[in-house]
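Listed below are the residues making up each chain.
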Amino acid sequence: MFVKNAWYCAGWDYDVTQAKASIVARKIAGERIVLFRKPDGGVVALEDRCAHRQAALSRGRKEGTGLRCMYHGLKFNEHGKCDEIPGQAVIPERACVRAYPVIEKDNWIWVWLGDPKLADPGLICFSVGPSHPGWHIKTSKMHVKANYRLEIANLADLGHLAWVHENTVGGSRKYCEMKPKHTLRARGMDTQYWLRSIPPTAAVAHLFPPDMRVDLSFDIQHTIPCNWIMHFRVFAAGTATEGESNGQLLLDSYTCQAVTPRDEDSVDYYYAWGPSNATDAPGLADMLKDTLDIAFREDADVLEAQHIRMQEQPDRKMLDIGLDAGPGKMLWLLDKMLKEEAAAATPAGALV
Amino acid sequence: MFVKNAWYCAGWDYDVTQAKASIVARKIAGERIVLFRKPDGGVVALEDRCAHRQAALSRGRKEGTGLRCMYHGLKFNEHGKCDEIPGQAVIPERACVRAYPVIEKDNWIWVWLGDPKLADPGLICFSVGPSHPGWHIKTSKMHVKANYRLEIANLADLGHLAWVHENTVGGSRKYCEMKPKHTLRARGMDTQYWLRSIPPTAAVAHLFPPDMRVDLSFDIQHTIPCNWIMHFRVFAAGTATEGESNGQLLLDSYTCQAVTPRDEDSVDYYYAWGPSNATDAPGLADMLKDTLDIAFREDADVLEAQHIRMQEQPDRKMLDIGLDAGPGKMLWLLDKMLKEEAAAATPAGALV
Amino acid sequence: MFVKNAWYCAGWDYDVTQAKASIVARKIAGERIVLFRKPDGGVVALEDRCAHRQAALSRGRKEGTGLRCMYHGLKFNEHGKCDEIPGQAVIPERACVRAYPVIEKDNWIWVWLGDPKLADPGLICFSVGPSHPGWHIKTSKMHVKANYRLEIANLADLGHLAWVHENTVGGSRKYCEMKPKHTLRARGMDTQYWLRSIPPTAAVAHLFPPDMRVDLSFDIQHTIPCNWIMHFRVFAAGTATEGESNGQLLLDSYTCQAVTPRDEDSVDYYYAWGPSNATDAPGLADMLKDTLDIAFREDADVLEAQHIRMQEQPDRKMLDIGLDAGPGKMLWLLDKMLKEEAAAATPAGALV
């Protein structure tokens, strides 16, 4: 089950180039979509099924601003309208494939799966991309064989950093003891908290003296389906016990993460991390990105095993714990949006 | 869904040899069949499931004209009758496996899946095999993960040569503009057409001067399930605009192709191509065969992606175009034969 | 379908060590189980699904006599009771995972899947393990992709040695002509027979003069689900035609085999073979073990092909033969036990 009236991240802008062969097939929330750039650089997103016999348009050929199916030669323009059927003069009105609203923002390509009339660009989440002049952001991606609800729950509670990431980006039991402040928005949740006076995490401990202590500030915007932006700051441990740290700012950074479901069984995870120019240093941005590659493989191992078990016993009664507050809110919101779409008089699903 | 009262190609004659270990397992239209040769060279086709506990007879041992199951030693003669059960004297009447009518013709092995009483050898399609003295035929095979209906549609319209095979055996848009003459037969369709004054296709263009133009003659017999024989001739471009070309005959050839469904999800494709002795030249037959290996991989890539999409949306309303005339006729005939078999008072299926 | 009130072999004792990382995931009769050793060496078997959100406890961390889930840090003691939920003080009563009765015996780890009150250690089958001082037993294991009923049938009739193992541990047609004496027990079947004056099997024929003949004594205890212990003796062929052989005892051996279903589609096969100290010789025990590795791969090839065919036609009417007496008795007993469990007022299944 997927919310259709939402922007889904279809990848990094550099995944889709001007090259002749750069015709990119994606599966997003169960829908097959082909992405390509027009000569003016604009990205087009069409249904990846020819109107004729469902051949893959992603095996096609770019021609001008359109795409030709390389099975029987039907050519579709950037709006999905067929403008040529080789061997015949008449082109039926219904000879078209679906075109999706698509926007590039913060170096991500965003596709709207629902009613195009509702495709408000203002609904795209805030983010900081690698081309932002104020930040030194490095990017990566990963395929994870787990349902996206498990990813939502994973990201909506950083208590798991204590355990899953004990050797990389977590480790302190204090991660489980935080009392994050969650604020629901119309399409997501904001979360803030501080961790004070803890040792640096394993991944960076070698950079500091052994008795170093830091204050960490987490400021997260989580948006449906599962776009997760965190403003993350590290201070030398100060003496403030609430509000801002009064220690020295060591790292001011953004990590921007988009988890896009392929279907019910896997996700494409596009992510990035990097420091502000003011707190940058040679090798820092690459280290942060590399650290995420390792840490997200740790998550993936956990979530993939969990996914298998959830598939085996989908109706099992499970135990709720205090740390489920964040995950619970986000999944409640997702279910609410799913129900609202299902109940709408003209459901987006009817367009598919 | 498969027509049972039909001859299915089970492979090339050389696939099944006199060697002790040459006991060949096939899956044809959902049925598991084991093929082997008797000492006199004749091919036997039995159900590849022991009557006892469904062990694979294809893991058995040839003994005389029969086959012994190497699980518990039951021996079956060439008619599928069990003539030995080790450890017991009495052999029940029902101790037998199904034997299929089998015929070798044109270097292909043909198996009849339906009522043996209806197994008329005259229903086997015309073909030209590698042992034919008048032609220099080279053979090959391929496994394609697509439903055989997609193969039928592919072969019943050569318009796709313009696009799928632009770098091998097609390329000219004229392939889409041909008006082939289709003639339905009881169990298939004949198709004829000419392509006049076009450049040689990419695969052979290097053999000719750049301004070379040729006339092509296609004469095709397509038989259910999907046996496809084409008499293909190439002439230096003549001045005739209908009827025979008056240019020089450069290539007189036969390509013979049998697409045998394993099940609903894949096919075994046995194919060959070669020139007449009169138009042969060193290296020519091998080049033609090698060209098919490349071209049919191009088809397979298209059809496998199409098959996946068809599986995802089997009931999707699709667009029909003019080039569907040939595919439409062949699939209509297939559906007619399927319905007739289903409606018959004693359906062939009851024998299975 | 699996009998729950039974001891299932979960592997060799050396599969689960005191190492920090030795936390072993098993799937037994459809249930996911994690095995680990406490500091005192005792084995614990818990459900391999965290009570919280089904994360894999087998990806967890040993702590004292318990196991911590490394997703959110819930810690479970050896009885499956959660004794810590990081971040909260109150631990709900129902915060627990299932703990399975587990026993080590004869170097095998045994797990009871049903009602713990019925877990009588006396129901574990007799066996001879590699640490037994009187025998020189070597061990091995194999994963076979077949339903365990096929393994039961395979082991309950050694007639198949004539055919499946003609090049290893069988080969003589006399295996099919034996009249084994089967005696049903409450949870299994005993089988005895002699094979007299036959050539040594292929695997050991090179050790003897060409005209060597031997008497073989088989004494088998087969226990539900599929634990199979054979006291196997080889004598130089004697003149006795019934009762004990009066030839020289060449080999006195035990082969102990446990076939544990993972699910309906595959089994883990733990097996061993070895001579008595009195009939041991350098290289003998290793040869016997290596021979089983080859012979059980022969069985696996047969059973895996059979399993595929059984899946395709589960309701096919099959032929019964005289050699089915043993398999028939064991499968009848299995079905009887399955029915009894299903009929019981408080079925074991309700505990799952």
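Values in this document were obtained by computation on a predicted structure and should not be read as measured data.

Caption draft 1: Spotlight on the overall build of chain A. The helix and strand inventory of chain A stands at 4 helices and 18 strands. Over its C-alpha trace chain A gives a radius of gyration of 22 Å, about what one expects of a compact globule, namely 20 Å for 352 residues. In terms of its C-alpha atoms, chain A occupies a principal-axis envelope of roughly 80 × 50 × 35 Å. The 352 residues of chain A split such that 49% are buried.

Caption draft 2: Representation of unusual backbone geometry within the structure. Residues and elements named next belong to chain A. Between I224 and the following residue, P225, the backbone shows a cis peptide bond with an omega angle of 0°. Its place among the elements puts P225 in the loop between strand 15 (214-223) and strand 16 (227-236). Residue Q54 is not a glycine yet carries a positive backbone phi of 65°. The topology assignment puts Q54 in the loop between strand 4 (43-47) and strand 5 (61-63). Residue classification places Q54 among the buried positions, given that 25 C-beta atoms sit within 10 Å.

Caption draft 3: Quick look at the pairing of strand 13 (residues 181-185) of chain A. For strand 13 of chain A and strand 14 (residues 188-198) of chain A, the ladder comprises 5 bridges, and the chain directions are antiparallel. Residue pairing in the sheet places A:T183 in a bridge with A:D190 of strand 14 of chain A.

Caption draft 4: Region of interest: the interface of chain A and chain B. Contact with chain A, which involves 20 residues of that partner, is made by 21 residues of chain B. Of the residues that constitute the side of chain A that touches chain B, the class distribution is 9 nonpolar, 6 polar and 5 charged.

Caption draft 5: Examining the interface of chain A and chain C more closely. Taken together, the contact between chain A and chain C spans 21 residues of the former and 20 residues of the latter. For the side of chain A that touches chain C, the secondary structure elements donating two or more residues are helix 2 (174-177) and helix 3 (284-312) of chain A. Looking at which element gives the most residues to the side of chain A that touches chain C, the answer is helix 3 of chain A, with 6 residues. Of the residues belonging to the side of chain A that touches chain C, the class tally is 11 nonpolar, 5 polar and 5 charged.

Caption draft 6: Layout of the sheet that holds strand 5 (residues 61-63) of chain B. Residue and element names in this part refer to chain B. Read from one edge to the other, the open sheet built from 4 strands follows the order 5-6-7-8, with strand pairing classed as antiparallel. Taken across any chain shown, the strands that pair with only one partner, and hence form the sheet edges, are strand 5 and strand 8 (82-84). Relative to strand 8, strand 7 (residues 75-76) runs antiparallel, the two sharing 2 bridges. Bridging across to strand 8, K75 finds its partner in E84.

Caption draft 7: Highlighting the relation of the copies chain A and chain B. Here chain A sits on chain B after a turn of 120° about the axis and a move of 0.1 Å along it, with an RMSD of 0.0 Å. Such a combination of rotation and displacement between the chain copies is what one expects of a three-fold axis.

Caption draft 8: The arrangement of the sheet that holds strand 17 (residues 249-263) of chain A in detail. Residue and element names in this part refer to chain A. Read across the open sheet, the 7 strands follow the order 12-18-17-16-15-14-13; overall the sheet is antiparallel. Every other strand in the sheet has two partners, leaving strand 12 (138-144) and strand 13 as the edge strands with one partner each. Within this sheet the neighbouring strands show an average axis-to-axis angle of 15°, counted without direction. Strand contacts of helix 1 (residues 148-155): strand 15, strand 16, strand 17 and strand 18 (266-275), with the helix running at about 165° to strand 17, the strand carrying the most contacts. Helix-sheet contacts for helix 3 involve strand 12, strand 17 and strand 18, and the interaxial angle to strand 12 is about 10°.

Caption draft 9: Region of the structure containing the environment of C:I137. Residue and element names in this part refer to chain C. Position of I137 relative to the elements: it lies in the loop between strand 11 (108-112) and strand 12 (138-144). Placed 90 residues apart in sequence, I137 and N227 show a C-alpha to C-alpha distance of 17 Å. Residues contacting I137, with those up to four places away along its chain left out, are V128, G129, P130, H132, Y254, A272, G274 and A285.

Caption draft 10: Representation of the domain arrangement of chain A in the model. All names here are of chain A. Domain boundaries assigned for chain A yield domain 1 (7-123) and domain 2 (138-339). Summarising the inter-unit geometry, the C-alpha centres of domain 1 and domain 2 are found 33 Å apart. Counting residues at the interface gives 10 residues for domain 1 and 10 residues for domain 2. The dominant element in the side of domain 1 that touches domain 2, judged by the number of residues it contributes, is strand 1 (residues 7-12), at 4 residues.

Caption draft 11: Structural view of the nonpolar core. One finds A:V111, B:V111 and C:V111 to be the most contacted residues of the largest nonpolar core, which totals 290 residues. Beyond its immediate chain neighbours, meaning those up to four positions away, C:V111 contacts C:Y8, C:A10, C:I28, C:I33, C:A45, C:Y100 and C:V102.

Caption draft 12: Molecular detail of the packing of helix 1 of chain A against helix 3 of chain A. Residues and elements named next belong to chain A. Following both chains from N to C, one finds helix 1 and helix 3 inclined at 135°, their axes separated by 10 Å at the closest point. In terms of their interaxial angle, helix 1 and helix 3 are classed as oblique. Helix 1 and helix 3 meet at a crossing whose hand is right-handed. Taken together, the residues of helix 3 that come into contact with helix 1 (itself represented by L150, E151 and N154) are D299, L303, Q306 and H307. Looking at the contact of helix 1 with helix 3 residue by residue, the classes come out as 2 nonpolar, 3 polar and 2 charged.

Caption draft 13: Structural context of the confidence of the model for chain A. Chain-level pLDDT for chain A is 96 on average; 98% of the residues reach the 70-or-more range. Taken over the whole predicted complex, pTM reads 0.94, whereas the ipTM for its chain interfaces reads 0.94.

Caption draft 14: Structural context of the environment of A:D211. Residues and elements named next belong to chain A. Positionally, D211 belongs in the loop between strand 14 and strand 15. Its 6 C-beta neighbours within 10 Å are what place D211 among the exposed residues. For the pair formed by D211 and T223, sequence separation is 12 residues and the distance between their alpha carbons is 37 Å.

Caption draft 15: Main features of helix 4 (residues 325-343) of chain A. Residues and elements named next belong to chain A. With 19 residues, helix 4 extends 27 Å from end C-alpha to end C-alpha; this agrees with the ideal 27 Å at 1.5 Å per step. Along helix 4, the residues classified as buried are G326, P327, M330, L333 and L334. Viewed along the axis of helix 4, the buried residues span an arc of 135°, placing them on a single side of the element. The exposed residues of helix 4 that point more than 90 degrees off its buried face are W332, K339, E340, A342 and A343. Check the buried side of helix 4 and you find it contacts helix 1, strand 13, strand 14 and strand 15.

Cut-offs applied
Residues numbered from 1 in each chain as written. Chains lettered and ligands numbered in written order. Predicted model: local features only at pLDDT ≥ 70, side-chain atom pairs only at ≥ 80, totals over all residues. Helix = DSSP H or I, 4+ residues; strand = E, 2+ residues; numbered from the N terminus. Rg over C-alpha atoms; globule rule 2.2 N^0.38 Å. Buried ≥ 20, exposed ≤ 12 C-beta atoms within 10 Å, placed from the backbone. Pairing = 2+ DSSP bridges. Contact = placed C-beta atoms within 7 Å. Nonpolar A, V, L, I, M, F, W, Y, C, P; charged D, E, K, R; others polar. Least-squares fit on C-alpha atoms with pLDDT ≥ 70 in both. Axes fitted to C-alpha atoms, helices over the stretch in contact; angles between N-to-C directions. Domains from an automatic or database assignment. Core = buried A, V, L, I, M, F, W, Y, C linked by C-beta atoms within 7 Å. Parallel < 35°, antiparallel > 145°, perpendicular 65-115°, else oblique. Left-handed = near helix turned anticlockwise from the far one by under 90°. pLDDT = per-residue confidence, 0-100. Expected span 1.5 Å × (residues − 1). Arc of directions from axis to C-beta.

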